[in-house]
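Notes for the structure review
What follows is the residue order along each chain.
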Amino acid sequence: MGKENEYKEIFLAEAQEGHEELNNLFTELEKDINSKSAINSIFRITHTLKGNAMGMGFTEIAELSHVMEDVFNEVKSSRLHLDSAIFSSLFKANDILGQLINSLNTGEVVKYKGIKTKLEVLLKNAKASEIVSEDTVKVVETTLTETITQVSQTEITTTNTVLETIEDTDEDDSIEQKIVLSDVVQVPVRKLDALLNIIGELIIEKDTLVALNIERGYQSTDLARLHRITSDLQYGVMDVRLVQIGFLFNKFHRVLRDVAVIENKKVDLVLEGTEIEIDRNILKIMSDSLVHLVRNSVSHGIESPQKRLERGKPETGKVTLRASNEKDTVFIEVRDDGNGIDLNVIKRKAVEKGLISADYAKVISDDEIMMLLFEPGFSNAEKITEVSGRGVGMDVVRGSVESIGGKITIETELGKGSVFTLSLPSSMAVKGALLFELNNQSFAIALTHTEAVISLRKEDIHKISTGLISKYLGKTISIVFLNDLFRMRNMHQTVEEGAFHKTFENIKEDQKLDVVIVAYNKHLVGFVVDKLMQQKEIVEKALESPVQNVELFSGATILGDGNICLVLDVAGILKNLFKEKMNAKIEI
């Protein structure tokens with residue numbers, strides 16, 4: 001289905017719902033014409049319907065809902081008083097509005113000009129009556145009052161005549177009442193979540209059947225049809241949960257405007273990639289984080305109009321929200337053309353606050369400096385404006401991103417601006433994972449954190465102080481034998497002398513090592529495992545008591561052979577590894 005048809009379906013569902021609600025509200029209001037809630041609701045619905053119809057190019061619906069909106073604007077302001085004749089016209093207008101909405105599907109030609117004109121005359125009549133009342137109250141010269149009143153009364157008489165004419169010649173007086181059901185069904189997200197859970201269980205059972213078939217000597221293709229059906233079902237339900245990212249992006253015009261007014265700055269918002277689709281739950285989780293980033297871009301990134309002019313920039317700054325996707329990952333950029341981030345100031349502040357040691361500050365990379373912005377301690381720094389205020393709330397942003405298996409990166413150029421990029425999974429239901437074996441137990445690593453799989457020999461790895469290093473694509477990276485990590489009582493042991501040397505010292509010189517290169521916040525680490533297995537999609541379940549707080553694992557899944565497979569928490573492991581490293585006097 002094309003995007004245009006999809007938009008039309010969404011419009012029809014909302015318009016039909018609005019039309020039905022108007023019928024109920026008119027009935028309620030007729031019983032109590034002083035019901036402010038009903039009047040406000042009718043005004044809101046007609047206003048929304050008018051705007052949506054104009055946006056879609058449905059002129060007839062827009063015109064009729066517009067005049068209905070105008071009527072209730074007058075009712076709200078007490079300039080038009082409702083009576084049985086007006087209600088009769090409103091009910092008829094709503095019937096014709098319903099016909100216009102349905103005609104988008106049927107192609108039927110609906111005459112609506114008569115009722116539209118009748119409502120317009122009612123409005124004119126109300127305004128003319130208002131003129132009469134105001135002039136009667138005023139104490140002015142009698143002759144002038146009489147003249148104005150005569151003119152006004154003449155206008156009222158004329159409009160009443162027009163009303164009668166319209167009443168006599170209005171098109172299609174008898175409207176057949178029909179009940180129309182929408183083709184779009186609104187389903188609570190919790191029901192979709194429950195359905196996806198069931199599908200996850202189905203996938204696990206399918207994998208179990210496949211494993212049993214292979215064990216019994218059957219071909220794996222014997223269950224190919226079952227595999228296709230479960231896969232189609234899985235992706236079908238996942239597709240239902242997808243929403244266009246533009247639904248969130250469009251709300252940021254107001255967010256940006258409010259911050260710009262408070263800060264006395266001129267800023268434009270640019271939206272790109274609004275048609276990209278993402279899981280609704282992910283968008284909901286990330287909405288507050290995006291608000292943080294956009295506010296900070298305006299408040300602490302964009303300079304004042306005067307300063308921008310002094311720097312040769314346009315006085316109006318620009319914040320861009322851009323979405324793109326690649327395979328199963330959605331990228332959201334928050335870009336500004338403001339001041340950028342002064343890394344030297346951040347580094348100095350981080351040492352002052354005790355976030356990193358003075359020794360480590362001498363060798364810290366620019367990427368690592370920028371990641372300090374996401375440390376909670378840095379957010380609480382005094383005079384945060386000295387470092388552009390980028391730390392405010394950033395620990396919350398990182399927490400949200402990592403909670404759904406995503407990652408965040410920063411690019412900045414002093415005086416030019418900054419880009420915050422969120423890499424998010426398009427769906428939380430199923431994730432791609434790399435399976436590996438360690439001590440005859442299966443484990444999984446999410447592909448979102450997996451950079452590459454390589455082979456190394458002992459001679460390629462070198463000992464330094466507490467850890468190991470090797471070369472990867474011209475970069476020096478840390479090497480960690482997971483056996484050593486799993487044997488530790490806590491993460492503090494990672495900086496002890498020889499903490500990651502034990503397994504390395506016991507392997508043979510010519511032994512080939514399977515290494516998974518993982519990434520987190522631009523840190524690369526090689527995890528040495530016993531054996532690499534397969535890449536597959538898994539349904540990850542959260543760990544429950546008493547192991548829900550284990551630092552090394554984010555969850556678990558069940559494999560086709562019925563065994564439980566723990567999922568490595570790459571973000572948690574690397575965050576703790578480098579946190580200990582940054583506070584140590586001796587680097588790994």
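Keep in mind the model is a prediction, meaning the values are calculated, not measured. (Residues numbered from 1 in each chain as written. Predicted model: local features only at pLDDT ≥ 70, side-chain atom pairs only at ≥ 80, totals over all residues. Heavy atoms only, no water.)

**Describing the nonpolar core**
What counts, and what does not: Put simply, a nonpolar core is a bunch of buried Ala, Val, Leu, Ile, Met, Phe, Trp, Tyr and Cys residues held in one set by side-chain atoms that sit within 4.5 Å of each other. We call a residue buried when its accessible area falls under 20% of the maximum for its residue type, exposed when it is over 50%, and partly exposed in between, using a 1.4 Å probe and counting protein chains only. Helix numbering and strand numbering both begin at the N terminus, where a helix is a DSSP run of H or I of at least 4 residues and a strand a DSSP run of E of at least 2. A contact between two residues is defined here by any heavy atoms of the two lying within 4.5 Å.
Grouped together as the largest cluster of nonpolar side chains are 51 residues, with contacts concentrated most on I245, F252, L422 and L424. In terms of residue count, helix α11 (residues 280–301) provides more of this core than any other element does, eight residues in total. Non-local contacts of L424, meaning those with residues more than four positions away in its chain, are made with I278, I282, M286, D328, T329, V330, I332, V401 and I404. Counting 41 residues, the second-largest nonpolar core is a separate cluster that includes L25, A38, L82 and L90.

**Points about the packing of helix α3 (residues 59–76) against helix α4 (residues 84–106)**
The relative placement of two packed helices comes down to the angle between their axes together with the axis-to-axis distance. Put simply, the rule reads: Structural elements are reduced to axes, namely lines fitted to C-alpha atoms, with helices fitted over the stretch in contact, and the angle between N-to-C directions of any two is expressed from 0 to 180 degrees. Working definition: roughly parallel below 35 degrees, roughly antiparallel above 145 degrees, roughly perpendicular at 65 to 115 degrees, and oblique for all remaining angles. Crossing handedness is read from the near helix: turned anticlockwise from the far helix by less than a right angle, it gives a left-handed crossing, and turned clockwise, a right-handed one. Basically, the charged four are Asp, Glu, Lys and Arg, the nonpolar ten are Ala, Val, Leu, Ile, Met, Phe, Trp, Tyr, Cys and Pro, and anything else, Gly included, counts as polar.
Between α3 and α4, whose axes approach to 10 Å, the crossing angle comes to 155 degrees. Considering their axes alone, α3 and α4 lie roughly antiparallel with respect to each other. Handedness of the crossing formed by α3 with α4: left-handed. Residues E60, I61, L64, M68, V71 and F72 of α3 lie in contact with α4, whose contacting residues are L90, A93, N94, I96, L97, L100, I101 and L104. Looking at the contact of α3 with α4, its residues break down into 12 nonpolar, one polar and one charged.

**Here we look at the sheet that holds strand β16 (residues 531–538)**
Condition: Note on pairing: DSSP must find at least two bridges between two strands before they are called paired.
Read across the open sheet, the five strands follow the order β16-β8-β9-β18-β17; overall the sheet is mixed. Looking along the sheet, the strands with just one partner apiece sit at the ends: β16 and β17 (553–558). When the angles between neighbouring strand axes are averaged without regard to direction, this sheet yields 30 degrees. With six bridges connecting them, strand β8 (residues 431–438) and strand β9 (residues 441–446) associate as antiparallel partners. Paired with F436 across the bridge in β9 is F443.

**A word on the environment of I445**
Looking at where I445 falls in the secondary structure, it is placed in strand β9. Among the residues examined, I445 registers a relative accessible area of 0% and is labelled buried. Taking the C-alpha atoms as reference points, I445 and V570, 125 residues apart in sequence, are found 7.4 Å from one another.

**So, the sheet that holds strand β14 (residues 512–520)**
The six strands are arranged β10-β14-β15-β13-β12-β11 in an open sheet whose pairing can be described as mixed. The sheet terminates laterally at β10 (450–457) and β11 (462–464), the two strands that pair on one side only. Direction aside, the axes of adjacent strands within the sheet are offset by 40 degrees on average. Across seven bridges, the pairing between β14 and strand β15 (residues 523–529) is antiparallel. Paired with V516 across the bridge in β15 is F527.

**Brief notes about the pairing of β8**
Pairing of β8 with β16, which is carried by six bridges, proceeds in the antiparallel orientation. Along β16, the bridge assignment pairs F436 with L532. The turn joining β8 and β9, which pair antiparallel and follow one another in sequence, is formed by two residues; a positive phi near 55 degrees is taken by N439.

**A closer look at the pairing of strand β18 (residues 564–568)**
Across two bridges, β9 lies against β18 in parallel orientation. Following the sheet pairing, A444 is matched in β18 by V567. Inspection of the sheet shows β17 paired to β18 by five bridges, in the antiparallel sense. The residue bridging A556 from the neighbouring strand is L566, located in β18.

**With respect to α3**
Residues spaced three or four apart along an α-helix point in a common direction, a consequence of the helix completing one turn every 3.6 residues. Formally: To estimate how far a helix should extend, the number of its residues minus one is multiplied by 1.5 Å.
Taking 1.5 Å per residue, 18 residues should reach 26 Å; α3 reaches 25 Å between its end C-alpha atoms and fits that length. The set of residues buried in α3 consists of I61, A62, L64, S65, V67, M68, E69, V71, F72, E74 and V75.

**Examining the packing of aromatic side chains**
What describes a pair of aromatic rings is the distance from one ring centre to the other and the angle between the planes of the rings. As a reminder of what qualifies: Pairing of aromatic side chains here covers Phe, Tyr and the six-membered ring of Trp, requires ring centres within 6.5 Å, and sorts the geometry by plane angle: under 30 degrees stacked, over 60 edge-to-face, intermediate tilted.
A full pass over the atoms with the stated rule returns eight aromatic pairs. For the ring pair F481 and F504, a centre distance of 6.4 Å and an interplane angle of 55 degrees mean the geometry is tilted. Within this pair, whereas F481 is found in strand β13 (residues 475–481), its partner F504 is found in helix α19 (residues 502–506), the two being separated by 23 residues in sequence. Like F481, the residue F504 is buried in the burial classification. Clustering of aromatic rings is evident, with ring pairs tying together F436, F443, F486 and F553.

**Points about the pattern of salt bridges**
Filter applied, for reference: In the sections that follow, a salt bridge refers to a side-chain nitrogen of Lys or Arg positioned within 4 Å of a carboxyl oxygen of Asp or Glu.
Scanning the model with the defined rule gives 24 salt bridges in all. The salt bridge partner of R79 is E74, with a shortest N-O separation of 2.9 Å. Classification of E74 as buried rests on a relative accessible area of 6%. What you see here is one network of salt bridges that share partners, running through E303, R308, R311, K313 and D337.

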